[in-house]
Amino acid sequence: MTFCRSRNDGRRCTRPLRHAGLHRHRTIMWADAGADPAHCSGSGEPGEPAALLADGFPDGRALCPVCLRFIPLDDAGRLIGHDTADEGETDAEARRRGEWFNAHGW
């Protein structure tokens, strides 16, 4: 299942993607108007390539400590500008990210 991308105070909505009604994380609910901005505050922060899985994932990208996505680095070693979620993220990318966390932890 692909989850909704909305966040509120860093909490990610646990409802399915494109759900109707309010966003929810445990007992906290919010409307789109109360959601965090889409632009991740981790953009531009220093980073370093994350440890690799046997097949090379995450391909030289760094783990953003704010949104927990793998983000490319610019020439200065900083996370490129990005949003907290990627609407185009595939289920395969989400699965690989989960496998990376299982292998390397938080």
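What counts, and at which threshold
- Residues numbered from 1 in each chain as written.
- Predicted model: local features only at pLDDT ≥ 70, side-chain atom pairs only at ≥ 80, totals over all residues.
- Heavy atoms only, no water.
- Helix = DSSP H or I, 4+ residues; strand = E, 2+ residues; numbered from the N terminus.
- Salt bridge = Lys/Arg side-chain N within 4 Å of Asp/Glu carboxyl O.
- Buried < 20%, exposed > 50% of the residue type's maximum accessible area, 1.4 Å probe, protein only.
- Expected span 1.5 Å × (residues − 1).
- Arc of directions from axis to C-beta.
- Contact = heavy atoms within 4.5 Å.

Q: So what's going on with unusual backbone geometry? Which residues, and what values?
A: The omega angle of the peptide bond from Phe 57 to Pro 58 is 10°, so this bond is cis rather than trans. Within the secondary structure layout, Pro 58 lies in the loop between β4 (28-30) and β5 (62-63). You will see that Asp 9, though not glycine, has its phi angle at about 50°, which is positive. The topology assignment puts Asp 9 in the loop between β1 (7-8) and β2 (11-12). Its identity is not glycine, yet Arg 18 carries a phi of approximately 65°, on the positive side. Structurally, the position occupied by Arg 18 is in the loop between β2 and β3 (23-25).

Q: Tell me about the pattern of salt bridges, residues and numbers included.
A: Taken as a whole and assessed by the stated rule, the structure comprises eight salt bridges. We note a salt bridge from Asp 86 to Arg 69, for which the minimum N-O separation is 3.9 Å. Pair noted here: Asp 86 is in the loop between β6 (70-71) and α1 (91-104) and Arg 69 is in the loop between β5 and β6, with a separation of 17 residues, a long-range link. Residue Asp 86 is classed as partly exposed on the basis of its relative accessible area of 33%. The residue Glu 99 makes a salt bridge to Arg 96 at a minimum N-O spacing of 2.0 Å. Placement of the pair is Glu 99 and Arg 96 together in helix α1, with a separation of three residues, close to one helical turn. Note on Arg 96: relative accessible area 15%, which makes it buried. Among the ionic contacts, a cluster of salt bridges with common partners joins Asp 55, Arg 95, Arg 96 and Glu 99.

Q: Just give me the short version of α1, but keep the residues and values in it.
A: The α-helix winds at 3.6 residues per turn, so residues separated by three or four positions along the chain end up facing the same way. Given a rise of 1.5 Å per residue, 14 residues ought to cover 20 Å, and the 20 Å separating the end C-alpha atoms of α1 matches this to within 8%. Buried residues of α1: Arg 96, Arg 97, Trp 100 and Phe 101, and no others. End-on view of α1: buried residues confined to an arc of 145°, all on one side of the axis. Facing away from the buried side of α1, by more than 90 degrees, are the exposed residues Asp 91, Asn 102 and Ala 103. Contacts made by the buried residues of α1 are with β2, β5 and β6. At the exit of α1 stands Gly 105, carrying a positive phi of roughly 75°.

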